[in-house]
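# Inside the fold
The primary structure of each chain is shown beneath.
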Amino acid sequence: AFDCFEFAINFGIAFQIKNDLDDYMQKENSSDIKEGVYTAPIILIHSIDYQTLAIEKTLDLIHNYGERVKNSIRNIADSEYKTALIGITDNLWKLKN
């Protein structure tokens, strides 16, 4: 059965962390940094001396929530909609170029 609650919560968390990471990566225009908002990427970057490792850990966090999302839809019959949901979820932990 499709667990709508699990899907929504985990996708929302993964999406927000990704949004926060994208915001951090644009440091000169980062509204979170300017406003002093402590997001997962900022907390990890300040707790780990090596910025690249902190970004990788943030991506791992997004990936973990993404796997929860995909797990919540595993029992749905294969369809173009399920494929789209998996594709959208997989794109969350890829860095923008």
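Residues numbered from 1 in each chain as written. Predicted model: local features only at pLDDT ≥ 70, side-chain atom pairs only at ≥ 80, totals over all residues. Heavy atoms only, no water.

## Some thoughts on the packing of helix α4 (residues 51–72) against helix α5 (residues 80–91)
Cut-off, in case you're wondering: Simply put, an axis is a line fit to the C-alpha atoms, just over the touching stretch for a helix, and the angle between two N-to-C directions goes from 0 to 180 degrees. Secondary structure elements follow DSSP: runs of H or I of four or more residues count as helices, runs of E of two or more count as strands, with numbering from the N terminus. Here roughly perpendicular refers to angles of 65 to 115 degrees, roughly parallel to angles under 35, roughly antiparallel to angles over 145, and oblique to all remaining angles. The contact rule is simple, with two residues in contact once any of their heavy atoms fall within 4.5 Å. Each residue receives one of three labels: charged for Asp, Glu, Lys and Arg, nonpolar for Ala, Val, Leu, Ile, Met, Phe, Trp, Tyr, Cys and Pro, and polar for the others, Gly being one of them.
Where α4 contacts α5, the axes come no closer than 9 Å and their chain directions differ by 170°. Taken together, the axes of α4 and α5 are roughly antiparallel relative to one another. Facing α4, whose interface residues are Gly-66, Val-69 and Lys-70, α5 presents Ile-86, Thr-89 and Asp-90. Partitioned by chemical class, the residues of the contact of α4 with α5 number two nonpolar, two polar and two charged.

## Side note on the nonpolar core
Generally speaking, nonpolar side chains in soluble globular proteins are found buried as a group. Applicable threshold: Buried residues of nine kinds, namely Ala, Val, Leu, Ile, Met, Phe, Trp, Tyr and Cys, make up a nonpolar core once their side-chain atoms join them within 4.5 Å. Burial classification: accessible surface area is computed with a 1.4 Å probe over protein chains only, and a residue below 20% of its type maximum counts as buried, one above 50% as exposed, and the rest as partly exposed.
Core analysis: the biggest nonpolar cluster contains 18 residues, and Leu-59 and Ile-62 have the highest contact counts within it. Counting residues per element, the ones that place at least two in this core are α1 (4–25), α3 (40–47) and α4. Those residues within four positions of Ile-62 in sequence are excluded, and the remaining contacts are Ala-14, Ile-17, Lys-18, Leu-21, Leu-92 and Trp-93.

## What about α4?
For an α-helix, the turn length of 3.6 residues means that residues three or four places apart are oriented alike. Inclusion rule: By this rule, a helix spans an expected 1.5 Å times one less than how many residues it contains. Picture the helix axis, draw a direction to every C-beta atom, and the arc is the one those directions span.
The end-to-end C-alpha distance of α4, which contains 22 residues, comes to 32 Å, matching closely the 32 Å that a straight helix rising 1.5 Å per residue would cover. Every buried residue belonging to α4 is among Ala-54, Ile-55, Thr-58, Leu-59, Ile-62, Tyr-65, Gly-66, Val-69 and Ser-72, and all of these are buried. Taken end-on, α4 shows its buried residues confined to a sector of 140°, consistent with a single buried face. The secondary structure elements touched by the buried residues of α4 are α1, α3 and α5.

## As for the packing of α3 against α4
How we decide: Left-handed describes a crossing in which the near helix is turned anticlockwise from the far one by less than a right angle; the clockwise case is right-handed.
The N-to-C vectors of α3 and α4 enclose an angle of 140°; their axes lie 8 Å apart at closest approach. As judged from the angle between their axes, α3 and α4 are oblique. Handedness of the α3/α4 crossing: right-handed. Within the contact between the two elements, α3 uses Ala-40, Pro-41, Leu-44 and Ile-45 and α4 uses Ala-54, Ile-55, Lys-57, Thr-58 and Leu-61. For the contact of α3 with α4, the class distribution of residues is seven nonpolar, one polar and one charged.

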